[in-house]
Protein chains: 2
Amino acid sequence: MRPLPHPATGDIQLTEVLRALSDPVRLEIVARLASHGEMTCGDAGDALGVHKSTASHHYRILREAGVVLTKQEGRLKFMSLRREDLDDRFPGLLDSVLSATHAVA
Amino acid sequence: MRPLPHPATGDIQLTEVLRALSDPVRLEIVARLASHGEMTCGDAGDALGVHKSTASHHYRILREAGVVLTKQEGRLKFMSLRREDLDDRFPGLLDSVLSATHAVA
DNA sequence: CGCATAGTTGGATGGTTGTCAAACCATAAA
DNA sequence: TTTATGGTTTGACAACCATCCAACTATGCG
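Attention here is on the structure that accompanies the text. The shown structure was predicted, so the numbers you read here are calculated from the model rather than taken from an experiment.

By size, the foremost hydrophobic cluster in this structure holds 54 residues, and its most contacted members are Val67 and Leu93 of chain A together with Val67 and Leu93 of chain B. If near-sequence neighbours (up to four positions away) are discounted, Val67 of chain B is found in contact with Val17, Ala20, Leu21, Val30, Leu62, Ser80, Leu81, Arg82 and Leu86 of chain B.

With that settled, the discussion passes to the pattern of salt bridges. Applying the stated criterion across every chain, the model contains eight salt bridges over all chains. Asp85 of chain A is paired through a salt bridge with Arg82 of chain A; the nearest N and O atoms lie 3.0 Å apart. Classification of Arg82 of chain A by relative accessible area gives buried; the value is 8%. Between Glu38 of chain B and Lys71 of chain B there is a salt bridge whose closest N-O contact spans 3.7 Å. With a gap of 33 residues between them, Glu38 of chain B in the loop between helix H2 (24–36) and strand E2 (39–40) and Lys71 of chain B in strand E3 (residues 68–73) connect regions that are remote in the sequence.

Take the interface of chain A and chain B next. With 21 residues of chain A at the contact, the number on the chain B side is 22 residues. Between chain A and chain B, a total of about 1,600 Å² is buried, with carbon and sulfur atoms accounting for 70% of that surface. Per-residue buried area on chain A facing chain B is highest for Thr15, Leu18 and Ser22 of chain A; these three make up 28% of the total on that side. Here chain A is connected to chain B by zero salt bridges. If you look at where chain A meets chain B, you find one residue pair in polar contact (both at pLDDT 80 or more). For the side of chain A that touches chain B, the secondary-structure elements that each account for two or more residues are helix H1 (14–21), helix H2 (24–36) and helix H6 (93–101) of chain A. Of the residues belonging to the side of chain A that touches chain B, the class tally is 12 nonpolar, six polar and three charged.

Inspection of the region around DNA strand D gives 24 residues, with Arg26, Ser53 and His58 of chain A together with Lys52 and Ser56 of chain B positioned closest. Among atoms of DNA strand D positioned within 4 Å of the protein, sugar and phosphate together represent 67%. One of the side-chain N or O atoms of Ser53 of chain A is found 2.8 Å from a base nitrogen in DNA strand D. Interatomic distance of 2.3 Å between a side-chain N/O atom of His58 of chain A and a phosphate oxygen of DNA strand D. A per-class count over the surface near DNA strand D returns five nonpolar, 11 polar and eight charged.

Okay, the environment of Ala44 of chain B next. Residue and element names in this part refer to chain B. If you trace the backbone, Ala44 turns up in helix H3 (residues 41–48). Considering only alpha carbons, one finds Ala44 and Thr54, 10 residues apart in sequence, at a separation of 9.8 Å. In this structure, Ala44 is in contact with Met39, Gly49, Ala55 and Tyr59, ignoring residues within four places of it in sequence.

All names here are of chain A. With their axes 10 Å apart at the nearest point, H2 and helix H4 (residues 52–65) run at an angle of 70 degrees to one another. With respect to each other, H2 and H4 are oriented roughly perpendicular. Two secondary-structure elements touch here, H2 through Val25, Arg26, Ile29 and Val30 and H4 through His58, Tyr59, Ile61 and Leu62. Taken together, the residues of the contact of H2 with H4 sort by class into six nonpolar, one polar and one charged.

Residues and elements named next belong to chain A. For the pair helix H3 (residues 41–48) and H4, interaxial distance at closest approach is 9 Å and the crossing angle is 115 degrees. Considering how the two elements wind past one another, H3 and H4 form a crossing that is right-handed. Taken together, the residues of H4 that come into contact with H3 (itself represented by Cys41, Ala44 and Gly45) are Lys52, Ala55, Ser56 and Tyr59. In terms of residue class, the contact of H3 with H4 is made up of four nonpolar, two polar and one charged.

Each value, and the rule that gives it
- Residues numbered from 1 in each chain as written.
- Chains lettered and ligands numbered in written order.
- Predicted model: local features only at pLDDT ≥ 70, side-chain atom pairs only at ≥ 80, totals over all residues.
- Heavy atoms only, no water.
- Core = buried A, V, L, I, M, F, W, Y, C linked by side-chain atoms within 4.5 Å.
- Buried < 20%, exposed > 50% of the residue type's maximum accessible area, 1.4 Å probe, protein only.
- Contact = heavy atoms within 4.5 Å.
- Salt bridge = Lys/Arg side-chain N within 4 Å of Asp/Glu carboxyl O.
- Helix = DSSP H or I, 4+ residues; strand = E, 2+ residues; numbered from the N terminus.
- Buried area = accessible area lost by both parts, 1.4 Å probe.
- Polar contact = N/O pair within 3.5 Å; in protein donor to acceptor, adjacent residues only side chain to side chain.
- Nonpolar A, V, L, I, M, F, W, Y, C, P; charged D, E, K, R; others polar.
- Near = heavy atom within 4 Å.
- Axes fitted to C-alpha atoms, helices over the stretch in contact; angles between N-to-C directions.
- Parallel < 35°, antiparallel > 145°, perpendicular 65-115°, else oblique.
- Left-handed = near helix turned anticlockwise from the far one by under 90°.

Below, the structure written as structure tokens:
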């Protein structure tokens, strides 16, 4: 289980987080991570119907923005939300975005 | 005081709002609108050091995303935040973003 | 070792973005 | 009606983005 480079909590930039969340595919990934806990890259590709390299691209953006944590275990990479870090830095932001994704139409 | 076309509250899209807020210039505009109440396009250009056409461009994006309300009065156009509409559609989102803009470094 | 699996990387592509400058439009004042 | 002022629109341009495909890397299993 090796860690990968992530921005420190204090280095997370608001505009980058908002930018990362402003894509429908990434927002869906985040919503799924919020409810399912963890996810591999392949899961995202299957669930969202995008090419695996596209999913990988989105994961990188989410990771570099500080939204998700990626840890390698064996030959899989598990992604999870950095809930505490985000809540520490931008209180309430993630929660409001997540509840907004549940809003209808 | 003539109104301009704006999206209805129910038509405001989460990804578009996040996208609109993911630019430093626009985020600064929104922060100023939150504290100063209203602003003209010229004010924004002066305060942010961008060309007036650039400011106009950003206002359009904010307006079309449903973040700001634009009303014409004489030859000036006043922009204001659609706080109630946003709070109605995405509760807590605007507040958390605004308080996040106050976060240091 | 050889093979399969999970992701990443690089290239290509079509589309979007932020910016400025110059021209344009609309309103008010002289 | 002419002039000045506040914004918008258009064009141009460089940068970036989402996507796919193909090739590559890395890890684990026989």
